[in-house]
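Residue-level listing of the chains:
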Amino acid sequence: MLRSATTVLALLALFGLSPVVAQPSASPVPPADSTVSEASPPDDPERERGHWGDVRSAVSHHADDYVGAHEWDEAPYARESAVYRSGPPFRYNRVEGLVLGVQREPLRPGADDRTRAFGQLAYAFGLDDIRYTAGVESRLYSTASTSLRFGVQYHEQTLSTDRWKTSSLENSLSNIGFEDGFFDYYEAEGLTVYAVQALPYTVQITAGFRAEAHRSLSRQTDWSIFERGRFRPNPAAEDGDLRALFASLTAGHISDPGGLPSGKAVRLATTVADGLGGSFAFTRYEADARGFLRLTPDTRLGLRLRGGYTTSGAPPQVRFALGGVGSMRGYVQNRFRGTRMLLANAEYLIDGATLFDDVLDDVFVGGVVDAGWVGTPGDAFRVDDVLPSAGFSVGLDERQVRLDVVWPLRDRPDLSQTPSIRLRISPNF
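As a convention, each chain's residues are numbered from 1 in the sequence order in which they are written. Selection of residues for local features in this predicted model requires a pLDDT of at least 70, selection of side-chain atom pairs for listing and counting requires 80 or more, and totals for whole chains, interfaces and linings are taken over all residues. Only hydrogens and water are set aside; all other atoms, that is, all heavy atoms of the structure, feed into the side-chain values.

Caption draft 1: Region of interest: the layout of surface pockets. Roughly 880 Å³ of volume is contained in the second largest pocket. Counting only elements with at least two residues in the lining of the second largest pocket, the list comes to α3 (168–178), β17 (401–408) and β18 (420–424). A pocket, in this scheme, is an open set of points on a 1 Å grid over the protein atoms alone with protein on both sides within 12 Å along at least 5 of 7 lines, while a cavity is a set where a 1.4 Å probe fits but cannot get out; residues line either one if an atom lies within 4 Å of a point. Grid points are joined across faces, edges and corners, and a volume is the space filled by probe spheres set on the points. Only DSSP runs of H or I with at least four residues qualify as helices, and only runs of E with at least two residues qualify as strands; both kinds are numbered from the N terminus onward.

Here it is as structure tokens:
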């Protein structure tokens, strides 16, 4: 645990947070031949616009680097990165309570710097503990379409394997407002060494080694704005030391993901902890393929197929959970757990539909269908065990801000038949 002020100051220095004013400005001092001279009158509108542009650039630079505003939205699988696994420095959930902090981003595509210190320093009020990541990345080479970077980081963070289901912002707002969290958590402290190879056609290969201690976390808060005492428990993790090799391959691009999307993408990932000397011996595989087919200029058919498999030695924190937001809407969040899973999602999207003349005559609507299955060792896949749901969406701001109404379609005595009604601010996939 990082408890001492000396260590905290060292982290701040590493991130470059202490001398923030020393960071390079987005608008350097004009050269001698600049048309902006010292004799320019203070009320010169051109000069005022220039100064305001400088301020906005500086604020944007500071927010992206030190407040974590940048979310890497340009990549369809950024939420489940194999190496950047910590949440944003401002978040709220049932195991950490309120988290406040700062962070500095790693190397970005197209950036000029070749080596960069990055990380996060935050305080989790519910845990009464510091959350941190400290790392360094170096770009070994870079061309117009390829690059190779190498990184190492040490962290003590609250992590979740559910990051792919929705954005951290939507998860935090749901926790704050309605005690309705979408993620389950565990604590990890340790070292990660990795390399990232970018290739043409948006292909990216990531590989590395991870050595970290896993610890269980329990619910620490019951506060929310509209309700009290209804947070679901956080599932227990298995404590132990993980020693694992990991690798992932991503390819493809989705344009306009929050509106009327187009494109396709795929991700393959594996984690191998067998025979490496840790407390856990397992192998985990994941696959995700998605695409949006252009039917007309104003309609799309979105499809996602996702699968996962772990060997029987996998601890609970790396197994799969389906149900609810991000997977099978209409069912209880993360209700179904196991070592194998299959998930299919389909959305028919219409931009500019008319629901009521002169009232709702230009809205974003969609029909949604979800279906999923979770199994454990020895369970055979049966169609009768698949859990389907279906409903519709009405977009208030394209599909990124919308109302989802979805009904579960499996009639079982242990499952509710009432529809799920949610105001969403993140696409389902």
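After presenting the structure, the write-up continues.
Caption draft 2: View of α3. We call a residue buried when its accessible area falls under 20% of the maximum for its residue type, exposed when it is over 50%, and partly exposed in between, using a 1.4 Å probe and counting protein chains only. Residues of α3 that are buried include every one of Glu 170, Asn 171, Ser 172, Ser 174, Asn 175 and Gly 177, and no others. In this structure, the buried side of α3 is in contact with β1 (91–93) and β18. Immediately downstream of α3, the backbone of Glu 179 shows phi near 55°, a positive value. Any two residues whose heavy atoms approach within 4.5 Å at even a single point are treated as in contact.

Caption draft 3: Up close: the nonpolar core. Only buried Ala, Val, Leu, Ile, Met, Phe, Trp, Tyr and Cys residues count toward a nonpolar core, and they belong to the same one when joined by side-chain atoms within 4.5 Å. In terms of nonpolar packing, the biggest core is built from 11 residues, these being Trp 164, Phe 320, Leu 322, Met 328, Tyr 331, Phe 336, Met 341, Leu 343, Val 374, Leu 387 and Leu 415. Among the secondary structure elements, those contributing two or more residues to this core are β12 (320–322) and β14 (340–353). Look past the residues within four positions of Val 374 in its chain and what remains in contact with it is Leu 322, Phe 336, Arg 337, Gly 338, Arg 340 and Met 341. Listed in part, the 8 residues of the second largest apolar core include Tyr 77, Leu 260, Ala 265 and Phe 292.

Caption draft 4: Summary view of the environment of Ala 346. With respect to the element layout, Ala 346 can be found in strand β14. Linking Ala 346 and Gly 291, residues 55 residues apart in sequence, is a C-alpha distance of 9.9 Å.

Caption draft 5: Main features of the side chain of Ser 393. Within the element layout of this structure, Ser 393 appears in strand β16 (residues 387–397). Judged by its relative accessible area of 8%, Ser 393 is buried. Between N or O atoms, a polar contact is any pair within 3.5 Å; within protein, one atom must be a potential hydrogen donor and the other a potential acceptor, and residues adjacent in sequence are included only when both atoms are from side chains. Engagement of the side chain of Ser 393 in a polar contact is seen with the side chain of Asp 404, the distance being 2.4 Å. With residues up to four places along the chain from it excluded, the contact list for Ser 393 reads Phe 364, Val 365, Gly 366, Val 368, Arg 402, Leu 403 and Asp 404.

Caption draft 6: Layout of a nonpolar patch on the surface. Patches here are clusters of residues that have more than 30% relative accessible area and form no salt bridge, with a 9 Å joining cutoff for like charges and a 5 Å cutoff for nonpolar side chains (Val, Leu, Ile, Met, Phe, Trp, Tyr). We get accessible surface area from the Shrake-Rupley algorithm with a probe of 1.4 Å; when it comes to residues, only the shown protein chains can shield them. Any carboxyl oxygen of Asp or Glu that lies within 4 Å of a side-chain nitrogen of Lys or Arg is treated as forming a salt bridge with it. A grouping of Leu 199, Ile 205, Leu 249, Val 266 and Leu 268 is seen on the molecular surface, where their side chains present a nonpolar patch of about 340 Å² in accessible area. Summarising the element assignment, Leu 268 is placed in strand β9 (residues 262–272). You can call Leu 268 partly exposed: its relative accessible area is 46%.

Caption draft 7: Structural context of empty space enclosed by the protein. In total, this model carries 3 cavities of 30 Å³ or more according to the counting rule given. Volume-wise, the largest cavity comes out at about 390 Å³. If you trace the largest cavity, you find 26 residues lining it, with Thr 161, Arg 210, Thr 271, Arg 284 and Glu 286 closest to the centre. Going through the elements one at a time, β7 (203–215), β8 (240–255), β9 and β10 (283–296) are the ones with two or more residues in the lining of the largest cavity. Tallied by class, the residues present in the lining of the largest cavity amount to 10 nonpolar, 7 polar and 9 charged. Under this grouping Gly is polar, as are all residues other than the nonpolar Ala, Val, Leu, Ile, Met, Phe, Trp, Tyr, Cys and Pro and the charged Asp, Glu, Lys and Arg.

Caption draft 8: Quick look at unusual backbone geometry. Backbone geometry at Glu 179 places phi at a positive 55°, although glycine is not the residue there. Mapped onto the secondary structure, Glu 179 falls in the loop between α3 and β6 (186–199). Positioned with a positive phi, Asp 256 is a non-glycine residue whose angle comes to about 50°. Among the structural elements, Asp 256 can be located in the loop between β8 and β9.

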